[in-house]
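Breakdown of the fold
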Amino acid sequence: MGGGEEDCRTIPAIDLKKFPEAEEYRKLREASETWGCFRLVNHMIPPALMSEMKSVVRSLLDLPMEIKKQNKDVIAGSGYMAPSKVNPLYEALGLYDLGSGQAVDSFCSQLNASSYQREVIEKYAQAVYEQIVDIGQRLAKSLGLADSDYLKGWPCQFRINKYNFTPESVGSSGVQLHTDSGFLTILQDDEGVGGLEVMDKSGAFVAVDPCPGTLLVNLGDVAKAWSNGRLCNVKHKVQCKEATIRISIATFLLGPKKEAIVEAPAEFVDSEHPRLYVPFTYEDYRKLRLSTKLQAGEALALMRTPS
Ligand SMILES: O=C(O)CCC(=O)C(=O)O
Ligand SMILES: [Fe+2]
């Protein structure tokens, strides 16, 4: 395919090893404002753990339907999602909240995971949780915020995605166009099978081809609201490009805890940048997205301050 190199050139790359260089913070801010996504290289998740997790995830998604259905919702949409009318090639298993050992444990029990599988999932959960908080804090710092400790303890949703691509489905949609609803997403995309496309500032779709060993970071609706409109909530979709199973592993740092409010810190608000959104809780916003079926960030417009 040879797509990997091209992707590494198109989507900005952020190198964790280069921090605390000022230049890397600048790149992180620019990527987050312009694209709302970037490749993370030299990240904290060991390559062996990524590939072990990938095979564990594949075997969980290969389980019989009766077992997958035991993976129940904790919040709307957090458990098993069977292929649907909108996304017939797509199914997913998931858990909420990744930071809770108990939630990870009950996810494993629902799917009758072996002790080896549990061990891999627990290790991955810990590593990816640390990584997502780390990159969130660096992002806050890149925008000039000194204290970003508040990101800690934010709930995290975890979802493993399977695309049942067949020869007949080549050219059709794997997952509809959407933004992620939360603050930040870390995606371990399939290292061999492409199909993810992100929308750039001009509205054109850019293929995000596999780039093995790296992670993809996406910014969601909460990031846009929290930054008073500075950060981009990247629109993206998955297309079926080839007739083979595609697996991806997504970790979503959603936003402040239950009743806590999403609102731009004072640093992002001044006379030239008045508050764009009314304060809201992530939970209410998630409900709004679900009830309006506005999946591609349009629901944020409903949170605009009256002008
Ligand atoms: O599978 C992918 O590459 C993207 C998945 C995604 O966008 C999501 O889970 O929100
Ligand atoms: Fe997404």
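Residues numbered from 1 in each chain as written. Chains lettered and ligands numbered in written order. Predicted model: local features only at pLDDT ≥ 70, side-chain atom pairs only at ≥ 80, totals over all residues. Heavy atoms only, no water.

Going by the annotation in an unreviewed UniProt entry, the name recorded for the protein is 2-oxoglutarate-dependent dioxygenase DAO, with Pyrus pyrifolia given as the source organism. Looking at the Function (unreviewed entry) heading of the UniProt record, one finds this comment for the protein: "2-oxoglutarate-dependent dioxygenase essential for auxin catabolism and maintenance of auxin homeostasis in reproductive organs. Catalyzes the irreversible oxidation of indole-3-acetic acid (IAA) to the biologically inactive 2-oxoindole-3-acetic acid (OxIAA)." On record in UniProt, under Sequence similarities (unreviewed entry), the comment for the protein is "Belongs to the iron/ascorbate-dependent oxidoreductase family." (UniProt positions renumbered as here; feature names shortened; annotations may be inferred.)

Concerning the environment of Arg58
Note that Arg58 resides in helix α3 (residues 47-61). Take Arg58: its relative accessible area is 34%, and that puts it in the partly exposed class. Along the chain, Arg58 and Ile245 lie 187 residues apart, while their C-alpha atoms are 9.5 Å from each other. The residues contacting Arg58, other than those within four sequence positions of it, are Ile245 and Ile247. (Helix = DSSP H or I, 4+ residues; strand = E, 2+ residues; numbered from the N terminus. Buried < 20%, exposed > 50% of the residue type's maximum accessible area, 1.4 Å probe, protein only. Contact = heavy atoms within 4.5 Å.)

Structural notes on the sheet that holds strand β6 (residues 184-188)
Each strand in a sheet pairs with its neighbour through backbone hydrogen bonds, running either in the same direction (parallel) or in the opposite one (antiparallel). Strand order in the open sheet made by the 7 strands is β1-β2-β9-β6-β11-β4-β3, with mixed pairing throughout. At either margin of the open sheet sits one strand with a lone partner, and together these are β1 (13-15) and β3 (90-96). Neighbouring strand axes in the sheet, compared pairwise and without regard to direction, differ in orientation by 25 degrees on average. Relative to strand β9 (residues 215-219), strand β2 (residues 37-41) runs antiparallel, the two sharing 4 bridges. Residue Arg39 lies in a different strand from β9, and its bridge partner there is Leu216. Strands in contact with α3 are β3, β4 (156-164), β6, β9 and β11 (245-253); relative to β11, the strand with the most contacts, it is inclined by about 110 degrees. Sheet strands touched by helix α6 (residues 115-142): β2, β4, β6, β9 and β11. Its angle to β6, the strand with the most contacts, is close to 135 degrees. (Pairing = 2+ DSSP bridges. Axes fitted to C-alpha atoms, helices over the stretch in contact; angles between N-to-C directions.)

Details of the pattern of salt bridges
Within this structure, the stated rule accounts for 16 salt bridges. The closest approach of N and O atoms between Lys241 and Glu197, which form a salt bridge, is 3.1 Å. Of the two residues, Lys241 sits in the loop between β10 (236-239) and β11 while Glu197 sits in strand β7 (residues 196-199), which places them 44 residues apart along the sequence. By relative accessible area, which is 12% here, Glu197 ends up buried. Across the pair Arg289 and Asp221 runs a salt bridge whose closest N-O atoms are separated by 2.8 Å. Pair noted here: Arg289 is in helix α8 (residues 282-292) and Asp221 is in helix α7 (residues 221-226), with a separation of 68 residues, a long-range link. (Salt bridge = Lys/Arg side-chain N within 4 Å of Asp/Glu carboxyl O.)

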